[in-house]
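Chain and residue survey
For reference, the chains in residue letters:
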Amino acid sequence: MALNTSPNIPDPDGFYAELLEAHGGLSDDDSIALNARLILILANHIGDRAVLSEALAVAATGETR
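Below or above, wherever it landed, is the structure these notes cover. (Residues numbered from 1 in each chain as written. Predicted model: local features only at pLDDT ≥ 70, side-chain atom pairs only at ≥ 80, totals over all residues. Heavy atoms only, no water.)

1. A short note on the overall build of the protein
Threshold: Each helix is a run of DSSP H or I of at least 4 residues and each strand a run of E of at least 2, with the numbering of both proceeding from the N terminus. Accessible surface area values rest on a Shrake-Rupley calculation with a 1.4 Å probe, where residue burial reflects the displayed protein chains alone.
Scanning the protein from N- to C-terminus turns up 3 helices and 0 strands. Ordering the α and β elements of the protein from the N terminus gives α-α-α. With the C-alpha coordinates of the protein rotated into their principal frame, the extents come out at 35 × 25 × 25 Å. Entry remark: accessible area of the protein is about 5,400 Å², with carbon and sulfur atoms responsible for 59%.

Structure (structure tokens):
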């Protein structure tokens, strides 16, 4: 499996709104913790270490390719 950086989320605006809503009212620390939990849940779902390593590298550069 290769990392897909092309748009792939149905209703991306709806998902973004849901993400913002999940952070609503949280302290900075709680928001950071929510992001960490979400990252780990999604990383577990992906499960492919090569893809996860590639995603980390892409995220670190700020490029989406």
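2. Structural notes on helix α1 (residues 12–23)
Rules: Helices are assigned an expected span. That span is 1.5 Å times one less than the residue count.
End to end, α1 covers 17 Å across 12 residues, agreeing with the expected 16 Å (1.5 Å per residue, within 8%). Just past α1, the residue G25 takes up positive phi, approximately 80°.

3. Details of helix α2 (residues 28–46)
With 19 residues, α2 should reach 27 Å at 1.5 Å per residue; the first-to-last C-alpha distance of 27 Å fits that figure. Looking one or two residues past α2, G47 carries a phi angle of roughly 75°, positive in sign.

4. Section: the environment of A55
With respect to the helices and strands, the residue A55 is situated in helix α3 (residues 49–61). Along the sequence, A55 and S31 sit 24 residues apart, while their C-alpha atoms lie 21 Å from each other.

5. Quick notes on unusual backbone geometry
Residues other than glycine seldom take positive phi values, yet D11 does so here, at roughly 55°. Position of D11 among the secondary structure elements: in the segment before α1.

Geometry only, nothing functional implied.
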